Amino acid sequence: AAMLTPSQAGFRRLLPLLRPHLRQLLMGAICMVIYVLSFPLLVQLAGQLFPALGSRDLNQVLQLIGQGVLIFAVQKVAQFGQDSLLAGPALQVSQRLRRDLFSTLQTVELGALEKLSAGDLTYRLTEDADRVSEVLYKTIHDTVPSVLQLLVVLGTMLWLDWKLTLAILLLAPLIVWLISIFGARVMVATERSQKKVSELAGLLGEAIEGLPLVRAFAAEPWLQDRFEQEIDQHRRARHRTYSLIALQHPVVGIIEVVGLFAVLALGAARIQTGDLDIAGLSSYLTGLIVLIDPIAHVTNNFNEFQQGQASLRRLRQIEREPQEPADPLDAVPLGTLRGDLALEGVSFGYDPSQPVLQKLDLQVQAGEVLALVGPSGAGKSTLFSLLLRFNTVQNGRILLDGCDLSRLRARELRRQVALVPQRTTVFSGTIAEAIRFGRQASDAEVIEAAHLANADAFIRSLPDGYATQLEERGTNVSGGQLQRIAIARAVLGNPALLLLDEATSALDAEAEAAVQLGLRQAMAGRTVLVIAHRLATVQEADQIVVLEKGSIVDRGSHDSLMQRGGRYRELCERQFIRDLQNG
Ligand code: ADP
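Quick caveat, the model's predicted, so the values are computed rather than measured. Counting from 1, residues in each chain are numbered in the order their sequence is written. For this predicted model, a pLDDT threshold of at least 70 governs which residues receive local features, and a threshold of 80 or more governs which side-chain atom pairs are given and counted, while totals over whole chains, interfaces and linings are taken from all residues. By convention in this description, side-chain values take in all heavy atoms of the structure and omit both hydrogens and water.

**Side note on the site of the ligand**
For the record, the criterion: A single heavy atom is enough: if one lies within 4 Å of a molecule or strand, its residue is considered near that molecule or strand. Any N or O atom pair separated by 3.5 Å or less is treated as a polar contact, with the protein-specific requirement of one donor-capable and one acceptor-capable atom, and with residues adjacent in sequence counted only for side-chain atom pairs. Areas reported as accessible are Shrake-Rupley estimates using a 1.4 Å probe. Residue values count occlusion only from the protein chains shown. Under the scheme applied, nonpolar residues are Ala, Val, Leu, Ile, Met, Phe, Trp, Tyr, Cys and Pro; charged residues are Asp, Glu, Lys and Arg; polar residues are all the others, including Gly.
Taken together, the neighbourhood of the ligand is formed by Glu 114, Tyr 350, Val 356, Pro 375, Ser 376, Gly 377, Ala 378, Gly 379, Lys 380, Ser 381 and Thr 382. The separation between an oxygen atom of the ligand and a polar side-chain atom of Thr 382 is 2.4 Å. Summarising the interface, the protein chains cover 58% of the accessible area of the ligand, which totals 560 Å² for the free molecule. Considered class by class, the residues forming the shell around the ligand number four nonpolar, five polar and two charged.

Below, the structure written as C-alpha cells:
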C-alpha cells in the first residue's frame, strides 16, 4: 500500500478542480447509490428464485422473474444517469488542466522554452491530457461504483453467512497485493512507453521541418533508420505494459475460480451441518458471481489509473520549468514614451559566470537610429532580449525615458518595444489578423500600419485583400512581402522603441527596395536599434556601435569610423563587399 501513496497524491491535486461541478456530481452520486443498491436486491431475489425453480410453481417463478426484470431496468437507468452525469465534470477537469498548463507554458522563461521539444510538448498536451481525463472519468463513473458494489455485496454475504465470507476474505489480501504489485510495474512501464511516444513526436517534428534538407543530402535512409530505431524502442516499451497486463488477468482469474470452487465445497459442507440452506447458498453464490465483475473492473481501472498517473506526472513536469520573473509589486505605470534609451554599465550572461555582455554604456536620444554591428556571437541579439526583458540584467541598469526597465510591467513594456525579427513567422490566419496579432486595433489602424510598412498596396492587390489567408509560417506570400507584414505588425500600436534585426537573406533588388522603403517609413520618429547587415543601414544611422565579445570596441558615425580606420572599417570591408560592389 505504501507504493500507492505518491500516485494517489497526483490525482488528489485534481480534486479541487471538481468543486465547481458539485451539483452534477451529487446527482450522479444519487444514481450511483441506486445502481449499487440494486445488487443486494438481486442477490436476495436469487435466493428465492433458485429454490422456486424446483418447486414446480410456475406462477411464483414468473413473478420472481418479473421482479428481476424490474430491478434490472431500474439498475440500467441508474447506470445511464450515473455515466452521463459524471462524464461532464471529468472532461471539464481535463480541459481546465490543459488550459492551466498552456498558460503556464506561455510564461516559461524563453531560455528554458528553447530547450523543450515542440513535438514532445504537443504530445503531452494532447495525448497525455486525454489519458488523464479518461482515467478521471473511469475513476468516478466506474471504479467508485465498483468499489461500492464490492462493499455492499460483501456486506450482504457477511449477513448471509459470515463464517464462510470470512474464510473467503482470507484470499482478499492476496488479490490486493497482486493488483498493487502489477499496478506499480504497469505505471513504470507506461511512463517509459509514453516517453518513447513523446520522443517519437519530437523526432517527427524535427523530421518534417528538415525533410527538404534530408532529401537534398539524400539522407533518407539515415532518417528512416533513426525513425525505425525509435518506433522499435516504443514497441518494446509498449509490449512490456501489455505483457504485464496479459499476465495479470489469468493470475487474478485463477484466484477467482479457486475461490468459487472453495465456496462450493465449503457451502456443501455447511449445508451438511445444517448451517446453511439451499436458498442461502443460492443467494451466496449469486453474490459471489456478482463480485467477479467489480473485481475485474477495479483491477483494470487500477492499471489505467497507474497509466494516467504516468501521464499526469509528465504533464506536471511542465510546471517545473523556470518561469519568467514576476513583475515588481511596486511597478511604475508606463505613460506615453518619448523613447530616450540609456544603458549604464550593463552586464549579463546566460550563465552568470560567463558574461556575454560586459559593462555596456549607451545613450540613444529619442528618434535616433543606432546601428549595432559585430561578428556573430558578439551579443547583439542578447542585447535585444534584455530590452524586451526576456532576460534580466545582472549588473547596471537599462533606462527608458529615465525609468529603470526592471521597475516596469513586462507586458506593458513590450507594447512599447516592437521587434522585427530576422526571420518572420506568422500564425495561420488572415493578413489583418497577422498584423493585429491579438491587439485591439481598428481596421483603419491596421491599414495605416500596413501603409507605413509599404505593404498596403500589395495587400490590396491580393484577391481577398486584408482578408487573405496566410498559410502556416506565411509560405504563400513572398519573402519580401512577409517582411513587410512583419514591419506593419511591429509599428501597429505606435511603439516608441523599434528593435530591428535586419534580414541577411538576399532579396531581389526590387523586393529589397520595397522592404527598405517600408523600414525607412516605419523608423521615422522612433528610437531604433538595428542589428545591421546592410551598408545603407549603417550609413544612415546616427550612431554606430561595434560590439565584439560583449564589449563595445568602436563607436561613432560611419564617416568618422571609416576615417579612423579601426575595427569598423575592417568589418565594413569584409562584410559589405557585396553592397559596395552593387554600388
Ligand atoms: P549575436 O546576436 O551578436 O550573434 P548573441 O547575442 O546571439 O550574438 O550571442 C552572444 C553569446 O551568447 C554567444 O556566445 C551565444 O552562444 C550565447 N547565447 C545566445 N543565446 C543564448 C542562450 N539562450 N543561452 C545560452 N547562451 C546563449
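**A closer look at the side chain of Thr 143**
To keep things clear, this is the line we draw: Secondary structure follows DSSP: runs of H or I at least 4 residues long count as helices, runs of E at least 2 residues long count as strands, and numbering of each begins at the N terminus. Contacts were defined at the residue level, with two residues in contact if any of their heavy atoms lie within 4.5 Å.
Locating Thr 143 in the fold gives a position in helix H5 (residues 118-160). A polar contact is formed between the side chain of Thr 143 and the side chain of Asn 301, at a distance of 2.9 Å. If we ignore the near neighbours within four places in the chain, the residues touching Thr 143 are Lys 138 and Asn 301.

**A closer look at the sheet that holds strand E4 (residues 395-400)**
Our working definition: Note on pairing: DSSP must find at least two bridges between two strands before they are called paired.
Spatially, four strands are ordered E2-E1-E4-E5 in an open sheet, and the strand pairing comes out antiparallel. Pairing within the sheet leaves two strands with one partner each, and these edge strands are strand E2 (357-364) and strand E5 (403-404). Examined bridge by bridge, strand E1 (residues 341-348) and E4 share five bridges and lie antiparallel to one another. Following the sheet pairing, Ser 347 is matched in E4 by Asn 395.

**Concerning the confidence of the model for the protein**
The predicted structure's coordinates, where accompanied by low pLDDT, should not be read in detail. Going by this rule: In predicted models, pLDDT denotes the confidence assigned by the predictor to each residue on a 0 to 100 scale.
The share of residues in the protein with pLDDT of 70 or more is 97%, and the mean pLDDT across the chain is 87. A low-confidence stretch, residues 1-8 stays under pLDDT 50, and its non-local contacts, those more than four residues away or across chains, total eight contacts.

**Focus: the pattern of salt bridges**
How we decide: We define a salt bridge as a contact between a side-chain nitrogen of Lys or Arg and a carboxyl oxygen of Asp or Glu at a distance within 4 Å. Remark: exposure states derive from per-residue accessible area (1.4 Å probe, protein chains only) relative to the maximum for the residue type, with buried under 20%, exposed over 50%, and partly exposed in between.
Applying the stated criterion to the full structure yields 26 salt bridges. Lys 196 is the partner of Glu 199 in a salt bridge, and the nearest nitrogen-oxygen pair spans 3.2 Å. Here the residue Glu 199 and the residue Lys 196 both occupy positions in helix H7 (residues 172-216), the gap between them amounting to three residues, near one helical turn. The exposure class of Glu 199 is partly exposed, given its relative accessible area of 29%. On the basis of relative accessibility, which here comes to 16%, the residue Lys 196 falls in the buried class. In this structure, Asp 340 engages Arg 338 in a salt bridge whose closest nitrogen and oxygen atoms are separated by 3.1 Å. Assessed through its relative accessible area of 21%, Asp 340 is described here as partly exposed. Through salt bridges with shared partners, a single ionic network connects Asp 161, Arg 270 and Asp 275.

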